[in-house]
Structure formats: C-alpha cells, structure tokens
Amino acid sequence: MDRRIPQPRHIVIIGGGVIGTTTAYYLTRHPSYMTSLHHITLLEATSIAAAASGKAGGLLGLWAYPTCLVPLSYRLHAELAAEHDGAERWGYRRLECGQLTASIRKKKPSNPTKRRKRSSIDAAKQEDGQEDSLLSDGQVEWQKLPKQDEAASALLHKSVLPADLDWINGSLVHEYAEMGLPGFTETAQVHPYQFTTSIAALAREGGAEIRVNSKVTSIGLNKSETAVSSVEYLDRVTGEMLTLEGVTDVVVAAGPWTGSLWPRTKVEGLRAHSVVFAADVSPYAVFTDISLPHDWVPEHRAARGEKRKHKGNVDPEIYARPGGEVYACGEPDSMIPLPETADKVECDESQCDDLISYIGTISPVLGEAAIAAKQACYLPRHMRFGKESAPLIGGTSVSRLWIASGHTCWGIQNGPATGKLMSEFIFEGEAKSADIAELDPRRFKV
C-alpha cells in the first residue's frame, strides 16, 4: 500500500474530557484530515467535561510538568485563545502566582452554612493555646496535591505580599514567595469546563461526531489480536449495546477510567475535592501553608462533637477566576473507589467544609463569600511500583491503539499539546511538535 495515498480512517476517541476533546479538535485541524475519507467519533459515557476536566482549577504554568510537554502546550493555549477569543469564551488570562506561609494563633471557627462576618485580625490577637484535648490519634496529616515538583519549587523566590493581594489577611502572613523568572515561570489560566466544552464544539464544527451517554465497554481486536477493529459501547439512554465496526484507530483518553478499559496502562483515579467561592478578587493563584492552633476545630465539626480531621499544617490552593469566582482545592483521598461513570462520583461535603474553614482563617473576604459549588472528581494518575509516573502518550503494542492519559493535576495545562501530538501520531506516524519519547506507553509494555 502506498502511504502517500490517503486511506479511509475511522478514528474513535474514548473520553470527553480535555484530552479527548483536544485530540478531536487537532485531528480536524490536521493538514491530512479529509472529511470525505476520515471519520472521527468521540464517545463519552456521561457528558462533555463531566469529570475532572469540568472541576479542575484550570491553572496553566510554564513551571508545570512534564517538561517535554509543557512549553508546547502553554504556547498552544495562547494560540487557541487568540484564534477563538478564549478570553471571552473560556476565561483565558495571565495571572500572578505565589506561595505564602501563614500562622493562625487563634481563629474562631468558620460556619460554611451561615457565612457570618468575622475578622482574622481580631482572631490573631490571642496567643497560641495549649495542646487541644479534643485532638486524637485519629487525626491525619494533610496530603498535598502533587502540583509543584522540585524544579517548580526551586523557581520560587522570596518577595513581599503584593499590595493588591488584598483578599488575604497580610497580618497573618510571615513569608511570601513568587514565581518570578520571566520565560520560565509564567502562569495563566482557563475556566476548565468552558475550555473543554468550547473545544468540543469546535471539534464538532470541524467534522468530529460526538456521542454522549455512550459508555465504552470493550475494545475489539482482530483475530490475531494485533490491531484494533471495533468498539462496543452502551447507549445509557436506550440501554442498547452498540458496536462500531471498521475502526482503524482507537485513542483511549478516558482519564481515571483508562485503566478499566486497558488494564496494562495502570492508570487509576485519585479523588480530590474543591469548592468555588462567589467573589470578585484580584487575579492571583496562591499556594498556601497554614499553621493552625492546636485547639482550633472547624465549626461544622465542633457542632457535631467531632474533632479536627487534620493535625499540623494544611495547604489548600486558591485560584482567582474571571467572572466573580474563586476556585480552591484540597487534599486528595482514596476513601471511595472510582465509580463506573463521572455522574456517580461522591462528594464528601465535610471535606469541602474543612477546606472552606481553613481558607476562611487567612481570607476574611472568602470567609464571608457565598459558596457557588462543592464538588469532587478523580484525577487520572499513572502508577508504577506504587509511585506516580508521567502520563502515557502514544502508541501501544497493539497496532493503532493509542493511549493519552495519566496527566494527574496538569490535564488542562497539557491538553492542547497532547491533542496535537496525538493528531501527529495518527496522521504522520510520529510526534513532530515535541520529543515525548519518555512518555511512550511501550516503555511500560502497554
């Protein structure tokens, strides 16, 4: 067969999150794409951006990881925003980023339900208390999300709390560091749900077919099990099992469900909670390290006679967004197994209320703000030998079966590069825009 002659292709993408939708988008924009020869079908078990892609923070950073992927994706985000009015459509903008350390000598607990006014300046007047008799051996250390690696942390440099970061109580902050090396530490953001759904709409306009409520149950192989041939899925509306025949390529971009569809990937889910405050504040992304008094208990737990969940410091992340929103995320947990679909994810409101209370200790503005959302999602992480590894992007031991998953905290940031590279793999046989050999699934015998 002459490779120079375009061949018919039926490309099936599994997953309607940021990786699946950007893959569909860049396939429809690839110079080799021909609507008369190439059919692209995206299958999503629930709705577009129903999982982490709709509930993430949307932070973009040149200091993110893996470094082989980040520069390309950061640039593509800027190009997409310029081409499609991303500032208006999905809140693309640059913002400042820093990390603060704060100590709360005593703080009256916040009430996430009543949202009463309170002053952290007044709360700081009392000295540290004694060891709290309410605390018990059942407390746990706060588990920090793996957002910053060692290289990113090394790019922070000491500074002073910016004057316009006025939604943080500066009297409680005793150290502030900013990401401040031009060309290395630029930070931007998008609204993840708006970005993912907009990219999906653009992919559809370009010729991709998107089927929601379509839960893939199996990937069919040829008789010798050397290449893909079909995809079976459940229509969750009608309950009918359907099969796509004549499939030439399958891209598994199913986030934390990737491991269920293709176990050799060892991609699994890690639950994380987040909240959205209704507040219009200056554009900063703030990583925190908050030291709480030993005798401090969030009011929602004290009202139920419970103890504080965490001992030691807590480290919530807070991102201001356009449109009068502030996003904050807490620690991950493995308490509840990954459900079958995104619409069955359980949100533990007590974890969200903990997060609200912790943030209220350093931000009177957010302490008084209404809560627009309490939510949870599962981050897709690639695990090897009990440790988190880099994402998997590329081909597998099965011909025309592609994996694009395991991006953990940086799926939104690295979505465009992943999608563009997948389009190159499929239409050109190799990645042209970046060297991502280290992310090759075949290195892990996938």
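Computed from a predicted structure; not experimentally measured.

Chemist: Explain the pattern of salt bridges to me, and be specific about the residues and the numbers.
Modeler: Counted by the stated rule, this structure contains 16 salt bridges. The residue Glu209 makes a salt bridge to Arg211 at a minimum N-O spacing of 2.8 Å. Given a relative accessible area of 24%, Arg211 falls into the partly exposed group. Glu306 is the salt-bridge partner of Arg301, the closest N and O atoms lying 3.0 Å from each other. The exposure class assigned to Glu306 is partly exposed, which follows from its relative accessible area of 28%. One connected set of salt bridges, linked through shared partners, spans Arg301, Arg304, Glu306 and Asp354.

Chemist: Can you tell me about the packing of helix 1 (residues 18–29) against helix 12 (residues 411–428), naming the residues and giving the values?
Modeler: Interaxial distance between helix 1 and helix 12 falls to 7 Å at its minimum, and their mutual angle equals 45°. When the axis of helix 1 is compared with that of helix 12, the two are oblique. The two elements helix 1 and helix 12 meet at a crossing, and its hand is right-handed. Between helix 1 and helix 12, the contacting residues are Val18, Ile19, Thr22, Thr23, Tyr26 and Leu27 on the first element and Gly411, Ile412, Gly415, Pro416, Thr418, Gly419, Lys420, Met422, Ser423, Ile426 and Phe427 on the second. Residues of the contact of helix 1 with helix 12, tallied by class, amount to nine nonpolar, seven polar and one charged.

Chemist: How would you sum up the packing of aromatic side chains? Please name residues and give values.
Modeler: As enumerated under the stated definition, the model contains nine aromatic pairs in all. A centroid spacing of 6.0 Å and a plane angle of 75° characterise the contact between Trp63 and Phe287, whose relative ring orientation is edge-to-face. Taken together, the residues span a long stretch of sequence, with Trp63 in the loop between strand 3 (59–61) and helix 3 (70–84) and Phe287 in strand 16 (residues 284–291) at a distance of 224 residues. For the pair Trp63 and Phe287, one class covers both residues: buried. Joined through ring pairs, the aromatic side chains of Trp63, Tyr65, Phe287, Tyr319, Tyr327 and Trp410 make up one cluster.

Reading the values: the criteria
Residues numbered from 1 in each chain as written. Predicted model: local features only at pLDDT ≥ 70, side-chain atom pairs only at ≥ 80, totals over all residues. Heavy atoms only, no water. Salt bridge = Lys/Arg side-chain N within 4 Å of Asp/Glu carboxyl O. Buried < 20%, exposed > 50% of the residue type's maximum accessible area, 1.4 Å probe, protein only. Axes fitted to C-alpha atoms, helices over the stretch in contact; angles between N-to-C directions. Helix = DSSP H or I, 4+ residues; strand = E, 2+ residues; numbered from the N terminus. Parallel < 35°, antiparallel > 145°, perpendicular 65-115°, else oblique. Left-handed = near helix turned anticlockwise from the far one by under 90°. Contact = heavy atoms within 4.5 Å. Nonpolar A, V, L, I, M, F, W, Y, C, P; charged D, E, K, R; others polar. Phe/Tyr/Trp six-rings, centres within 6.5 Å; stacked < 30°, edge-to-face > 60°.

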